[in-house]
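Below, each chain spelled out in residue letters.
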Amino acid sequence: MSAYMTGIIIILCLNIIIAYSVFLPAAAGQLNLGAAGFMIIGAYTDAYLSSADEGLGLPILLTIPIAALFTGLVGFLMSFPILRTKGVYMILATFAFAEIVAGIVLNMEIVGGASGFPVTTHAELEVLLPITVGVIVFGFYLISTRFGLSMRSIHDDENVSLLFGVNTHLVKVGAFTIGAFLGGLAGALYGHQFDYIEVQNWGILFSIYVLLYVLIGGTQTPWGPLVGAMFFTFIPEILRALGDATGIELLGELRFAAFGVIIVGMMVLRPEGIMTRTFLELLFRKPMPKSDISLG
Amino acid sequence: MTMLLNIEEIDVRYGRNHAVKDVSLNIADGEIVTVLGANGAGKSSLLKAIQGTVKSTNGSIIFKGENINRWSAPKRVQSGLVMVPEGRQIFISMTVEENLLMGAYSRKNVDVTNEIETIFERFPNLKERRNMSAAVLSGGEQQMLAISRALLARPTVIMLDEPSLGLSPILVKQLFELIKEINSEGLSILLVEQNTHMALQYADRGYVLELGNIVASGTPADLLADEKLAKAYLGGD
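The rules behind each value
- Position numbers for residues start from 1 in each chain and track the written sequence from start to end.
- Working convention: letters from A go to chains and numbers from 1 go to ligands, in the order in which they are written.
- Totals for whole chains, interfaces and linings use every residue, but because this is a predicted model, local features are given only for residues with pLDDT of at least 70 and side-chain atom pairs only at 80 or more, for both listing and counting.
- The helix count covers DSSP runs of H or I at least four residues long, the strand count covers runs of E at least two residues long, and both are numbered beginning at the N terminus.
- Two things to know: the radius of gyration comes from C-alpha atoms, and the globule rule equals 2.2 Å times the number of residues to the power 0.38.
- Any residue whose C-beta has 12 or fewer other C-beta atoms within 10 Å is treated as exposed, any with 20 or more as buried, and any in between as partly exposed, C-beta atoms being built from the backbone.
- Whether two residues are in contact is decided by their C-beta atoms, placed from the backbone, lying within 7 Å.
- At least two bridges found by DSSP between two strands is the condition for calling them paired.
- The axes used here are C-alpha line fits, helices contributing only the stretch in contact, and every angle between their N-to-C directions lies in the interval 0 to 180 degrees.
- By definition in this entry, angles of less than 35 degrees are roughly parallel, angles greater than 145 are roughly antiparallel, angles of 65 to 115 are roughly perpendicular, and the rest are oblique.
- Each crossing gets its hand from how the near helix is turned against the far one by less than a right angle, where anticlockwise is left-handed and clockwise is right-handed.
- In the scheme used here, Gly and all other residues not listed as nonpolar or charged are polar, with Ala, Val, Leu, Ile, Met, Phe, Trp, Tyr, Cys and Pro taken as nonpolar and Asp, Glu, Lys and Arg as charged.
- The predictor reports its confidence for every residue as pLDDT, a score running from 0 up to 100.
- Structurally, a nonpolar core is described as a collection of buried Ala, Val, Leu, Ile, Met, Phe, Trp, Tyr and Cys residues joined by way of C-beta atoms within 7 Å.

K.L.:
Please clarify how the overall build of chain B should be interpreted in this entry.
P.N.:
From N to C terminus, chain B includes 10 helices and 10 strands. For 237 residues, the compact-globule formula gives about 18 Å, and the C-alpha radius of gyration of chain B, at 18 Å, lands near that figure. Principal-axis analysis of the C-alpha atoms places the extent of chain B at approximately 50 × 40 × 35 Å. Every one of the 237 residues in chain B was classed for burial, and the buried ones make up 46%. Taking as baseline every contact in chain B between residues at least 6 positions apart, the subset at least 24 positions apart corresponds to 67%.

Next up, the structure:
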């Protein structure tokens, strides 16, 4: 495998994990623009614990889970103020959270402040790939459980869910916390791939992109974040390759503009995302008979 | 006659708005009781107070001999008091089968496969679409899904809030036949309706609510015999 291909797959894996971290709360109706914040917490916690020179030099098999759990704990605590908000206000609250995290870390001299922090332990795909597969399996599994069912019922109608006995508050806090955990996991893994972290990597644009992976991929099924992350990782590269091959400037140098056009087109044509339930039925099942009206 | 559900002098207030005033109402085991009234008469507020999603301030709600005033809505569902909310409110991004599973959510660790199959025998349309998103169902199918979902919660009293809303006349007829059928299987029914003619045709007793007060009650024959009432609410002349 070429170094280019390896690089793409590394980015794809990280994008998939962070996509699931935003998808799981989204499946419970939460719009989260704080992916950057969780990734920063996970990345810096892991880097500080694992780095040999400036950190504690602990083994990464220990530091990655600790970083993810710690981020999950922060998410759990933050869920109480954040879950008081809904919809657009929740987007603003999670965005504010990410900005606060960035502001704090930028001013923490112990982790290098604005000049970033080196990560001395490099891990190859053999670490990243199994964890990514694990996260995908976990995402599919969680959605299929009783907990997943209650998450989706809250997404559709919180009041009726409560009526049928769902502990809506507990489920919402749980979904948010799991999202934070996966965000921290993605952050911790990032450091070991690129050997260096800095807060500037994770700005508002990053959080917007991750939310787009999920919205474009679709929030109805656990296929959504997988397809969304692949779409966002591969399309710019495909456009680059097409640009090189054809010499069309729009596809090459202006590929991000072309990409933007594709995103807007997707939003117009498929507002529910690429992977909808109906689309999955088309792929996996026989066509259903047409609806006629009768009470049976 | 033993009363299954006994509502005594309850009030519902939204701030200054006094939606339900001193309302008493009861349902005997196996009865179909209807609550009639114009828009804004307090019918839905009354149902919500019984279900527990809105707090009643005075009086008491006695269900199966227990005062359930302080019970949460989910606890009332578990004890057998189940509402089919106005406008169906099914979970539209979930499949038909998942909607039914949600109905049984409060009955933890119970295998409801057989009960779901029984529902599907009754409604072949739902069976055909069991794995499809509930959003593709027609209005009539959504209503039968909402009722089936409530049945899976194992109710003793099922409360229906304007079930005929938005259904064509033939579907309304089928809906009331279904309500009668469920009732004959032993369920008591509290039916809030604007379609007074149909409701009185199927109910054992009725109450008329006006601006939060009960202004009349009795058998359908009694209510239809009252000329003033017939004129104001029942479309008579």
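What follows picks up the thread again.
K.L.:
I would appreciate a short explanation of the overall build of chain A in the present structure.
P.N.:
Per the secondary structure count, chain A includes 12 helices and two strands. Along chain A, helices (α) and strands (β) appear in the sequence α-α-α-α-β-α-α-α-α-β-α-α-α-α when read from the amino end. Seen through its C-alpha atoms, chain A measures out along the principal axes to roughly 70 × 55 × 35 Å. When burial is assessed residue by residue, chain A has 47% of its 296 residues classed as buried.

K.L.:
I would appreciate a short explanation of the sheet that holds strand β5 (residues 66-67) of chain B in the present structure.
P.N.:
Note on sheets: strands pair through backbone hydrogen bonds, and any given pair is parallel or antiparallel. Residues and elements named next belong to chain B. Strand order in the open sheet made by the four strands is β2-β1-β4-β5, with antiparallel pairing throughout. The strands lining the two open edges of the sheet, one partner per strand, are β2 (17-28) and β5. Sheet analysis places strand β1 (residues 3-14) next to β2, joined by eight bridges and oriented antiparallel. Across the sheet, the residue bridging to isoleucine 10 is valine 23, located in β2.

K.L.:
What am I meant to see in the environment of Phe97(A) here?
P.N.:
Residues and elements named next belong to chain A. Along the chain, the position of phenylalanine 97 falls in helix α4 (residues 87-106). Spatially, the C-alpha atom of phenylalanine 97 lies 9.2 Å from that of phenylalanine 38, the residues being 59 residues apart in sequence. Leave out the neighbours within four places in its chain, and phenylalanine 97 touches Gly34, Gly37, Met78 and Ile82.

K.L.:
I'm lost on the packing of helix α1 (residues 3-27) of chain A against helix α2 (residues 35-50) of chain A in this one. Help?
P.N.:
The axes of two packed helices give the description: the angle between them and the distance between them. Residue and element names in this part refer to chain A. Remark: α1 packs on α2, axes separated minimally by 11 Å, with the N-to-C direction vectors making an angle of 125 degrees. With respect to α2, the axis of α1 lies oblique. Between α1 and α2 lies a crossing of right-handed hand. Side by side, α1 and α2 meet where Ile18, Ser21 and Val22 of the first sit next to Ala35, Phe38 and Met39 of the second.

K.L.:
It is not clear to me how helix α6 (residues 146-156) of chain A should be interpreted in this structure. Could you clarify?
P.N.:
Residue pairs three or four apart in sequence face the same way in an α-helix, which turns once every 3.6 residues. Judged by how many residues are buried, α6(A) sits mostly within the fold: eight of 11 residues are covered. Packing partners of the buried residues in α6(A) comprise α1, α5 (125-144), α7 (158-163) and α8 (168-194) of chain A together with α3 (96-103) of chain B.

K.L.:
For this particular structure, what's the right way to read the interface of chain A and chain B?
P.N.:
Interfaces are often sized by the accessible area lost when the parts come together. Counting residues at the interface gives 25 residues for chain A and 38 residues for chain B. At the level of secondary structure, the elements contributing two or more residues to the side of chain A that touches chain B comprise α6, α7 and α12 (277-284) of chain A. Per-element tally for the side of chain A that touches chain B: the top contributor is α6(A), with five residues. Class assignment of the residues belonging to the side of chain A that touches chain B gives a composition of 10 nonpolar, nine polar and six charged.

K.L.:
Hey, could you run me through the confidence of the model for chain B in this one?
P.N.:
For any part of a model where pLDDT is low, the fine detail of the predicted coordinates should not be relied upon. Looking at chain B, pLDDT values average 89 and 97% of them are 70 or higher. Overall fold confidence (pTM) sits at 0.86, and the ipTM for the predicted complex is 0.82.

K.L.:
What exactly am I supposed to notice about the pairing of strand β4 (residues 60-63) of chain B here?
P.N.:
Side-chain positions along a regular strand alternate between the two faces of the sheet. Residue and element names in this part refer to chain B. Residues Ile61 and Phe63 point to one face of β4 and are all buried, whereas Ser60 and Ile62, pointing to the other face, are not buried. Note that β1 and β4 share four bridges and pair antiparallel. For glutamate 8, the partnering residue across the bridge sits in β4 and is serine 60. In the sheet, β4 pairs with β5 via two bridges, with the strands oriented antiparallel. Across the sheet, phenylalanine 63 pairs through a bridge with glutamate 66, a residue of β5. Hairpin connection between β4 and β5: a loop of two residues separates the two successive antiparallel strands, and lysine 64 in this loop has a positive phi of roughly 50 degrees.

K.L.:
Looking at this structure, how should I read the environment of Pro65(A)?
P.N.:
Secondary-structure assignment places Pro65(A) in helix α3 (residues 60-82). Taking the C-alpha atoms as reference points, Pro65(A) and Ala229(A), separated by 164 residues in sequence, lie 23 Å from one another.

K.L.:
Would you mind going over the nonpolar core with me for this structure?
P.N.:
Generally speaking, nonpolar side chains in soluble globular proteins are found buried as a group. The biggest cluster of nonpolar side chains holds 154 residues, and the ones touching the most others in it are Ile17(A), Ala19(A), Met39(A), Ile40(A), Tyr44(A), Ile158(B) and Met159(B). Not counting residues up to four positions away in its chain, the partners in contact with Tyr44(A) are Val105(A), Val111(A), Phe117(A) and Ile197(A).

K.L.:
Would you mind showing me how to read the sheet that holds strand β10 (residues 213-218) of chain B here?
P.N.:
All names here are of chain B. One open sheet holds the six strands; their spatial order is β6-β7-β8-β3-β9-β10, and the pairing between them is mixed. The strands lining the two open edges of the sheet, one partner per strand, are β6 (81-84) and β10. Strand-to-strand twist in this sheet, taken as the mean axis angle between neighbours without regard to direction, amounts to 20 degrees. The strands that helix α1 (residues 43-51) touches are β3 (32-36), β6, β7 (157-161), β8 (188-193) and β9 (205-210); relative to β7, the one it contacts most, it runs at about 150 degrees. Each of β3, β7 and β8 is contacted by helix α7 (residues 169-184), which is oriented at about 155 degrees to β8, the strand it contacts most.

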